[in-house]
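Coordinate analysis (summary)
Residues per chain are reported as follows:
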Amino acid sequence: MHGSAHQGSVRLPALVLARLCTTAIFMTYPACLSTLMVEWQMSATQAGALQGSFTVSFALSLLAASYLCDRIGAKRVFSAASAAAALAALAFALFARSFETGMLAIALVGLSQGGTYTPAIMVVSANSDPSRKSAAIGWVLAGMSGGYVISLALSAALLARFGYESAFLATASITLVGWGLARLAIRDARDTLVPAASGRAVFTVAMRRRSRLLTLGYIGHTWELLGMWAWIPAFLAAAALMQDSMPGVELGLWTALALHLSGFFASFLSGYAADRLGIRITLIAFALVGFLCSATIGWVPTLTLPLLLAFVALYGFATIGDSAVLSSAMTDAVPLQYLGKILGLRSVLGVGAGAVAPVVFGLALDLFEGAIGWGIAFSTLALGGLLATGCSVWLRK
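What you are looking at is a predicted structure, and each value in this text was computed from that prediction instead of being measured. Each residue is numbered by its place in its chain's sequence as written, counting from 1. Side-chain atom pairs in this predicted model are given and counted only at pLDDT of 80 or more, local residue features only at pLDDT of at least 70, and totals for whole chains, interfaces and linings cover all residues. Side-chain measures here rest on the full set of heavy atoms in the structure, leaving out hydrogens and waters.

Some thoughts on the overall build of the protein
This is how it is decided: Note on conventions: DSSP H or I runs of at least 4 residues are helices, E runs of at least 2 residues are strands, and numbering of each starts at the N terminus. Our radius of gyration is a C-alpha quantity, and the globule rule it is checked against amounts to 2.2 Å times the number of residues to the power 0.38. Exposure categories follow from relative accessible area, calculated using a 1.4 Å probe and restricted to protein chains: below 20% of the type maximum is buried, above 50% is exposed, and the middle band is partly exposed. For this analysis, residues touch if any pair of their heavy atoms sits within 4.5 Å. Exposure was quantified through the Shrake-Rupley algorithm and a 1.4 Å probe, taking into account, for residues, occlusion by the shown protein chains and nothing else.
Scanning the protein for helices and strands turns up 15 helices and zero strands. Scaling as 2.2 N^0.38, a compact globule of 397 residues should have a C-alpha radius of gyration of about 21 Å, and the protein matches this with 20 Å. Across the 397 residues in the protein, those meeting the buried criterion constitute 55%. In the protein, once contacts between residues fewer than 6 apart in sequence are set aside, the share between residues at least 24 apart is 85%. Accessible area for the protein stands at about 16,200 Å²; split by element, carbon and sulfur atoms hold 70% of it.

Here it is as structure tokens:
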């Protein structure tokens, strides 16, 4: 094992801000989608394909980044990916002007964004006090949620007044700040390189009871989370239409705040809870509340919008809250020489499930029309919450 001679450190506030700035481009396309379908003359299928291009590229880059972390170190990968993320975001802002150019540009954004996710977790894990590691990882993921809020809110505000080009450019410019903050945050970080592990050895470790349960729990978590993120805006818009209240732009801003500001608080609070109460009880609590929200929300679209938004805030809090704890638990469960590959495998399986969940949700809506359709569709997401809850219960202390 090779590393620096001194105990490294991460400037955590700078790293949290770096993650916030880098992910400010993350939700720009969904925020501008209704306008882009008209401006770029896209069908709903093409619009979905563009988002799919981002998701697939993101999943592939998670796997590639984890592979590189094992060979050149997470610190180097994170630094290079932060630079690439800023350049890809600018390319998207300047050149995405049609379905074809958008498809290529958003794929580049996805490829670069994945390289900043797993390496950031690994750098923090290697440079944190073990008793505070869950909280530190939680803060890093909270920064990402903050970036989603900025992405949605800033895009919505600029789109209404100046057009989608201004939203693209403003959110892309913030990623340049993220690049600078990333370099500052990890300048003194310790980067640990380990001998490469064989594929068979990685598989053996991945199949150990604890790492297997944590991976399955993560798959359930991302199924529920990404499915909910994709469909909650449409659900709230349908509820607003039924109640004839709240204009679209205002509802969009409130939805962003309810979903992702609650996620910001959930990420670091869950980390603190895990450090103090233990990983198992924290995972059970968040997964169980998320499952109950999924199983319930689709059946109550007639609640007043303020109550629905409060429900969505709780839903967002619960479904993102276990993410930091699942990641921290995996860094404890897996030896360092296997961590990069297993985090990469976990991320690909999880994001893959998260890409399928919105499709299954949509199929349920098509099969069961009217109010019952929403209830059954959200119940498909509850299956992920149930899996995550079960895996958490079965974890040994």
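Considering a nonpolar patch on the surface
How we decide: Nonpolar side chains (Val, Leu, Ile, Met, Phe, Trp, Tyr) within 5 Å and like charges within 9 Å form the patches, drawn only from residues with over 30% relative accessible area and no salt bridge. When a carboxyl oxygen of Asp or Glu is within 4 Å of a side-chain nitrogen of Lys or Arg, the pair counts as a salt bridge.
Together, Trp-254, Leu-257, Leu-261, Phe-265, Leu-269 and Tyr-272 give the surface a local cluster of nonpolar side chains, amounting to about 520 Å² of exposed area. Within the element layout of this structure, Trp-254 appears in helix H11 (residues 248–277). Under the relative-accessibility criterion, Trp-254 is labelled partly exposed at 45%.

A short note on the nonpolar core
For the record, the criterion: Side-chain atoms within 4.5 Å are what join buried Ala, Val, Leu, Ile, Met, Phe, Trp, Tyr and Cys residues into a set we call a nonpolar core.
In terms of nonpolar packing, the biggest core is built from 110 residues, with Phe-168, Ile-232 and Phe-378 touching the most fellow members. Top contributing element to this core by residue count: helix H10 (residues 209–243), with 13 residues. Dropping the residues within four chain positions of it, Phe-378 is found in contact with Ile-232, Phe-235, Ser-294, Ile-297, Gly-298, Tyr-315 and Phe-361.

Remarks on the pattern of salt bridges
For the coordinates displayed, the defined rule picks out one salt bridge. One salt bridge in this structure joins Asp-188 and Arg-11, with 3.1 Å as the shortest N-O distance. Taken together, the residues Asp-188 in the loop between helix H8 (164–185) and helix H9 (199–206) and Arg-11 in the segment before helix H1 (12–22) connect sequence positions 177 residues apart. Using a relative accessible area of 31% as the deciding quantity, one classes Arg-11 as partly exposed.

Side note on the side chain of Ser-323
Turning to its location among the elements, Ser-323 is positioned in helix H13 (residues 305–333). Residue classification places Ser-323 among the buried positions, given a relative accessible area of 6%. Setting aside chain neighbours within four positions, we find Ser-323 in contact with Tyr-117, Leu-141 and His-221.

A few points about the side chain of Thr-319
Just so we agree on the cut-off: In protein, a polar contact means a hydrogen-donor-capable atom and an acceptor-capable atom, both N or O and within 3.5 Å, with residues adjacent in sequence counting only if both atoms are side-chain atoms; elsewhere, any N or O pair within 3.5 Å suffices.
Looking at the element boundaries, Thr-319 is found in helix H13. Under the relative-accessibility criterion, Thr-319 is labelled buried at 2%. One polar contact links the side chain of Thr-319 to the main-chain carbonyl oxygen of Tyr-315, over a distance of 2.8 Å.

Some thoughts on the packing of H10 against H13
Let me state the cut-off plainly: In this description, a line fitted to the C-alpha atoms serves as the axis of each element, helices being fitted only across the stretch in contact, and the angle between N-to-C directions of two axes falls anywhere from 0 to 180 degrees. Angle categories: roughly parallel below 35 degrees, roughly antiparallel above 145, roughly perpendicular from 65 to 115, and oblique for all the rest. By convention the crossing between two helices is left-handed if the near helix lies anticlockwise of the far one by an angle smaller than a right angle, and right-handed if it lies clockwise. Three classes are used, and their members are as follows: Ala, Val, Leu, Ile, Met, Phe, Trp, Tyr, Cys and Pro are nonpolar, Asp, Glu, Lys and Arg are charged, and the others, Gly among them, are polar.
One way to put it is that H10 packs onto H13 with a least axis distance of 10 Å and a crossing angle of 165°. Overall, the two elements H10 and H13 adopt an arrangement that is roughly antiparallel. Every pair of crossing elements has a handedness; the one defined by H10 and H13 is left-handed. Here the contact of H10 with H13 is composed, by residue class, of 20 nonpolar, eight polar and three charged.

A closer look at the packing of aromatic side chains
Which entries qualify depends on this criterion: Pairing of aromatic rings covers Phe, Tyr and Trp, the last counted by its six-membered ring, and requires centre-to-centre distances within 6.5 Å; plane angles under 30 degrees mean stacked, over 60 mean edge-to-face, and any other angle means tilted. By definition, being over a ring means that NZ of Lys or CZ of Arg is both within 6 Å of the ring centre and within 35 degrees of the ring normal.
All told, the structure shown has 20 aromatic pairs when counted by the stated rule. Considering the side-chain rings of Trp-139 and Phe-264, the 6.2 Å spacing of their centres and the 75° angle between planes classify their relative orientation as edge-to-face. One end of the pair, Trp-139, is in helix H7 (residues 133–162); the other, Phe-264, is in helix H11, with 125 residues separating them in the sequence. By the ring-pair criterion, three or more aromatic residues cluster together here, those being Trp-231, Phe-235, Tyr-315, Phe-361, Trp-374 and Phe-378. Positioned above the aromatic ring of Tyr-218 is the side chain of Arg-346, whose terminal nitrogen or guanidinium carbon lies 3.8 Å from the ring centre.

Here's the deal with helix H5 (residues 99–114)
We apply this condition: To estimate how far a helix should reach, multiply one less than its number of residues by 1.5 Å.
The terminal C-alpha atoms of H5, which comprises 16 residues, lie 22 Å apart, in line with the 22 Å expected from a rise of 1.5 Å per residue. Along H5, the residues that are buried comprise Phe-99, Gly-102, Ala-105, Ile-106, Ala-107, Val-109, Gly-110, Ser-112, Gln-113 and Gly-114.

Description of the confidence of the model for the protein
What counts here: A residue's pLDDT is the predictor's confidence in that residue, given on a scale from 0 to 100.
Chain-level statistics for the protein give a pLDDT mean of 84 and a share of 91% at 70 or above. Of all helices and strands in the protein, the one with the weakest mean pLDDT is H9 (61), whereas H8 scores best (95). Every residue in residues 1–7 is under pLDDT 50, and counting partners more than four places away or in other chains gives 14 contacts.

Quick word on the environment of Phe-99
Mapped onto the fold, Phe-99 is located in helix H5. We classify Phe-99 as buried; its relative accessible area is 17%. In the structure, Phe-99 is positioned 58 residues away from Gln-41 in sequence and 8.0 Å away in space, judged by C-alpha atoms.

Structural notes on the packing of H10 against helix H12 (residues 279–297)
Closest axis-to-axis distance for the H10/H12 pair is 11 Å, and the angle between their directions is 35°. For the pair H10 and H12, the crossing hand works out as left-handed. Contact residues: H10 offers Arg-210, Leu-214, Glu-224, Ile-232 and Phe-235, while H12 offers Ile-279, Leu-283, Gly-290, Phe-291, Ser-294 and Ile-297.

Regarding the environment of Phe-92
You can see Phe-92 is positioned in helix H4 (residues 74–95). The spatial distance from the C-alpha of Phe-92 to the C-alpha of Phe-54 is 12 Å, given a sequence separation of 38 residues. Look past the residues within four positions of Phe-92 in its chain and what remains in contact with it is Ile-25, Arg-97, Ala-105, Ile-106, Val-109 and Phe-168.

Side note on unusual backbone geometry
For residues that are not glycine, phi is negative in most cases, and the peptide bond is trans in most cases. Even without being a glycine, Gln-41 presents a positive backbone phi close to 50°. Positionally, Gln-41 belongs in the loop between helix H2 (28–39) and helix H3 (44–72). Here Gln-41 falls in the exposed class, since its relative accessible area comes to 69%.

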